[in-house]
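# Structure assessment
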Amino acid sequence: MLFLNNADVLQVLTMADCVRVHEEGEVELALGELAARPRFDTIVPTPSPEHYYRWGTVEAASKSLQTQAIRLKSDVIYYEQSGDSLVEEKYAGKIGLYCGLVMLFDTSNGSPLAIIQDGNLQQARVGAKNALGVKYLARENSKVVGMLGSGGQARSHLEAFATVRPIERCNVYSPTKANRELFATEMSQKLGIAVVAVDTPEEAVDGADIISCNTNSMKPILFPEMVKPGVHITVVSGEWDREVPKMFDVVPSSAESRIFHGAPPDVSLGRSGAAAIYAAASDSDLAHLVEISGSRYGELPPRPAGGGGAPRKTRTVPMADLIQGTAQGRLNDEEITSSTGLGGGGGSAGMSFVVVGKLVYDLALARGLGTDIPTDLFLQDVRN
């Protein structure tokens, strides 16, 4: 079997390929030929009262790829103020290090295929997945991106958007001036488009065809007054005010695999991307975690009166139907669309890891990349 690090992933994974395999995976999921489980997090306290240990997994198996994938994360999480926002931070071992892996198994014989560091793969797969919504729901002439956030997810999302739409300009805001200016310099050079660092979130989204929120903020950063007719919206951690989803005219949905034991996650709170079931050590631990995380693990506090608009009826369209051309998404250029999580699809993250993980494995194997690990180390002659 192979061990592939983040540098190996960067050598073989292109955004165009990443978008393509997501399209194939969405269709396979809808056909019932890909089984996926929503994310499950187990959370327990650490010796520090403000830090919690979080173990998270999500998984899927693909019939066509003959591959099972499980993505696992081992983090210590904590919360701190960044300007006006409360942000979630994490580490493994020490600050600046992280533990996340994608493990692949051959479903034809049960043996392990690969262990892949998940950093670059994760950033690419989220950008590609949200880019499907941009491809099938954003206005065809979408050229301007309003980017909130300037980290790795912001980079992968802008690259993904430029892969599926003729993007010409991106206005980027994040609280740290040096970070947004570095983003502007690097991404303008990489993509050959105008990327401009701006001083406020409002400047970033002004005139945007696509608004993309890519932050670790636990408080809303996108409010109804910032959303104009015709815009398409993506978020990675539910960074919108609870009134924003009520403005959407159409969102896509991913198919769900049937869950026989347990129940699908409750997404009624409108936190996109939060297809997770949480297990905490005790009620008091969970209550404390909700308190220190700014309600990240509970209901978002309501925004003070005065914002928001009249709720609209949101249409939900299966993503697989959009991809296959059997359903219509946007009906006109005035509709507001989003491609992040509101239509269900808790298992689609698992789908994401199996299709991208297998793609990376096949390409790396063909190019002789990675470190060989004896498969026998993972097999045993004692029945378990």
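Predicted model only: the values in this text are computed from it and were never measured.

## Things to note about the nonpolar core
Core analysis: the biggest nonpolar cluster contains 61 residues, and Ile116, Leu158, Phe183, Val195 and Val360 have the highest contact counts within it. At nine residues, helix H9 (residues 348-367) tops the list of elements feeding residues into this core. Val195 has contacts with Leu158, Cys170, Val172, Phe183, Ala184, Met187 and Ser188, leaving out every residue within four places of it along the chain. In terms of nonpolar packing, the next biggest core, distinct from the first, is built from 21 residues, Ala204, Cys213, Val235 and Phe248 among them.

## Quick notes on the packing of helix H4 (residues 152-164) against helix H5 (residues 177-191)
Look at H4 against H5: their axes get within 11 Å of each other, and the N-to-C directions meet at 30°. Judged by the inter-axis angle, H4 sits roughly parallel to H5. The handedness of the crossing between H4 and H5 is right-handed. On H5, the residues that touch Ala154, Arg155, Leu158, Glu159 and Ala162 of H4 are Leu182, Phe183, Glu186, Met187, Lys190 and Leu191.

## Overview of the pairing of strand S11 (residues 210-213)
Both faces of S11 are covered, namely the face carrying Ile210 and Ser212 and the face carrying Ile211 and Cys213. Judged from the four bridges that link them, strand S8 (residues 144-148) and S11 form a sheet pairing that is parallel. Bridge pairing in S11 links Val145 to Ile210.

## A word on the confidence of the model for the protein chain
Confidence along the protein chain averages 87 in pLDDT terms, with 86% of residues attaining 70 or more. Low pLDDT, under 50, characterises residues 261-276; the stretch is placed with 26 contacts to residues that sit more than four places away or in other chains.

## Some details on the environment of Glu335
Among the secondary structure elements, Glu335 is positioned in the loop between helix H8 (319-324) and strand S16 (337-338). Spatially, the C-alpha atom of Glu335 lies 6.0 Å from that of Pro229, the residues being 106 residues apart in sequence. Setting aside residues no more than four positions away along its own chain, Glu335 makes contact with Gly230, Val231, Asp249, Val250, Arg315, Gly329 and Arg330. Here Arg315 takes part through its side chain, which lies 2.9 Å from a polar atom of the side chain of Glu335.

## Examining helix H2 (residues 15-30)
When the terminal C-alpha atoms of H2 are compared, their 23 Å separation across 16 residues agrees well with the 22 Å that a helix rising 1.5 Å per residue should span. Those residues of H2 lying buried are Met15, Cys18, Val19, Val21, His22, Glu23, Gly25, Glu26, Val27, Glu28 and Leu29. Buried positions along H2 lie against strand S2 (34-45), strand S3 (52-62), helix H3 (119-137), H4, H8 and H9. Positive phi appears at Gly32, one or two residues downstream of H2, with a value of about 80°.

## Focus on the environment of Gly350
Note that Gly350 resides in helix H9. Classification of Gly350 as buried rests on a relative accessible area of 1%. Setting aside chain neighbours within four positions, we find Gly350 in contact with Val58, Glu59 and Ala60.

## Things to note about the pairing of strand S5 (residues 85-91)
Burial of S5 is extensive: five of the seven residues sit out of reach of the surface. Taken together, the seven bridges between strand S4 (residues 67-82) and S5 define a ladder with antiparallel strand orientation. In the strand pairing of S5, Ser82 is matched with Ser85. Between S4 and S5, which pair antiparallel and follow one another directly, the connecting turn spans two residues, one of which, Gly83, has a positive phi of 65°.

What counts as what
- Residues numbered from 1 in each chain as written.
- Predicted model: local features only at pLDDT ≥ 70, side-chain atom pairs only at ≥ 80, totals over all residues.
- Heavy atoms only, no water.
- Core = buried A, V, L, I, M, F, W, Y, C linked by side-chain atoms within 4.5 Å.
- Buried < 20%, exposed > 50% of the residue type's maximum accessible area, 1.4 Å probe, protein only.
- Helix = DSSP H or I, 4+ residues; strand = E, 2+ residues; numbered from the N terminus.
- Contact = heavy atoms within 4.5 Å.
- Axes fitted to C-alpha atoms, helices over the stretch in contact; angles between N-to-C directions.
- Parallel < 35°, antiparallel > 145°, perpendicular 65-115°, else oblique.
- Left-handed = near helix turned anticlockwise from the far one by under 90°.
- Pairing = 2+ DSSP bridges.
- pLDDT = per-residue confidence, 0-100.
- Polar contact = N/O pair within 3.5 Å; in protein donor to acceptor, adjacent residues only side chain to side chain.
- Expected span 1.5 Å × (residues − 1).

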